[in-house]
Amino acid sequence: MELVLPGVGLLFWMTLSFLILAFILGKFAWPVIVEALEKRETKITEALEEAERTREEMKKLQASNDQLLKEAKEERDSILAEARKVSQKMYDDAKEKANTEAQRILERAKESIHFEQMKAIAEVKNTIAELSLEIAGKVLTQEMKDNDKRNSYVNQLVDEIKLN
């Protein structure tokens, strides 16, 4: 039974040892341990608060990024729309200029054709007149070989001149 029930002396010394240990720990160790635990608790609290602030900042940044992305897309769309308008205007202007130039070239071609046609008609008339004069000269030369015919023709021309 001695194993189950310790002696009074042993109980006294164990109690005294425990109280001395508790006093030493209470005087020197507990304040350091408590201070370390409080510092750790403070650091953990600060870390949690910092994490919460960081999370809030990330939400704000995400919202800001979303807004910037939206604005960038809108600006891109407006730039593309403006570029399409400018491109279409340039195309329309070029087409109108080409049509105007084609009309001008067509008008010049018509005028050139008309002048060439008039020139050809004048050349044909001149050629016909030259040929007619040549033929008339040959006919008159043939007719005028006879003196009587020549005299009668000259008299006829003189009479016609007097009438006019």
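As a reminder, the structure under discussion sits directly above these lines.
Calculation criteria
Residues numbered from 1 in each chain as written. Predicted model: local features only at pLDDT ≥ 70, side-chain atom pairs only at ≥ 80, totals over all residues. Heavy atoms only, no water. Helix = DSSP H or I, 4+ residues; strand = E, 2+ residues; numbered from the N terminus. Rg over C-alpha atoms; globule rule 2.2 N^0.38 Å. Buried < 20%, exposed > 50% of the residue type's maximum accessible area, 1.4 Å probe, protein only. Lys, Arg positive; Asp, Glu negative; His and termini not counted. Charge placed at Lys NZ, Arg CZ, Asp CG, Glu CD. Patch = residues over 30% accessible without salt bridge, like charges linked within 9 Å, V, L, I, M, F, W, Y side chains within 5 Å. Areas by Shrake-Rupley, 256 points an atom, 1.4 Å probe, with all protein chains shown as cover. Salt bridge = Lys/Arg side-chain N within 4 Å of Asp/Glu carboxyl O.

Draft legend 1. Just the overall build of the protein chain, in detail. When helices and strands are counted, the protein chain shows 2 helices and 0 strands. Whereas a compact globule of 164 residues would reach a radius of gyration of roughly 15 Å, the protein chain reaches 65 Å, over 25% beyond that. Each of the three principal axes of the protein chain carries a C-alpha extent, and together these read 200 × 35 × 25 Å. By the burial criterion, 1% of the 164 residues in the protein chain qualify as buried. Once the 26 positive and 31 negative side-chain charges of the protein chain are each reduced to a mean point, those two points are 2 Å apart.

Draft legend 2. A nonpolar patch on the surface, seen in detail. Side chains of F12, W13, L16, I20, F23, I24 and F28 sit close together on the surface and give an oily, nonpolar patch of about 770 Å² of accessible area. By secondary structure assignment, the location of F28 is in helix α1 (residues 8–143). You can call F28 exposed: its relative accessible area is 57%.

Draft legend 3. Molecular detail of the pattern of salt bridges. Within this structure, the stated rule accounts for 6 salt bridges. Its salt-bridge partner being R53, residue E50 comes within 2.4 Å of it at the nearest N-O pair. With E50 and R53 both in helix α1, this residue pair falls 3 residues apart, about one helical turn. What makes R53 partly exposed here is its relative accessible area of 45%. A salt bridge links K89 to D93; the shortest N-O distance between them is 3.2 Å. Placement of the pair is K89 and D93 together in helix α1, with a separation of 4 residues, close to one helical turn. Judged by relative accessible area, K89 falls into the exposed class, the value being 52%. With a relative accessible area of 38%, D93 lands in the partly exposed category.

Draft legend 4. Seen up close, the environment of A122. Secondary-structure assignment places A122 in helix α1. The class of A122 is partly exposed, set by a relative accessible area of 35%.

Draft legend 5. Representation of the environment of E96 in the model. Mapping E96 onto the fold places it in helix α1. Residues E96 and R53 lie 43 residues apart in sequence; the distance between their C-alpha atoms is 63 Å.

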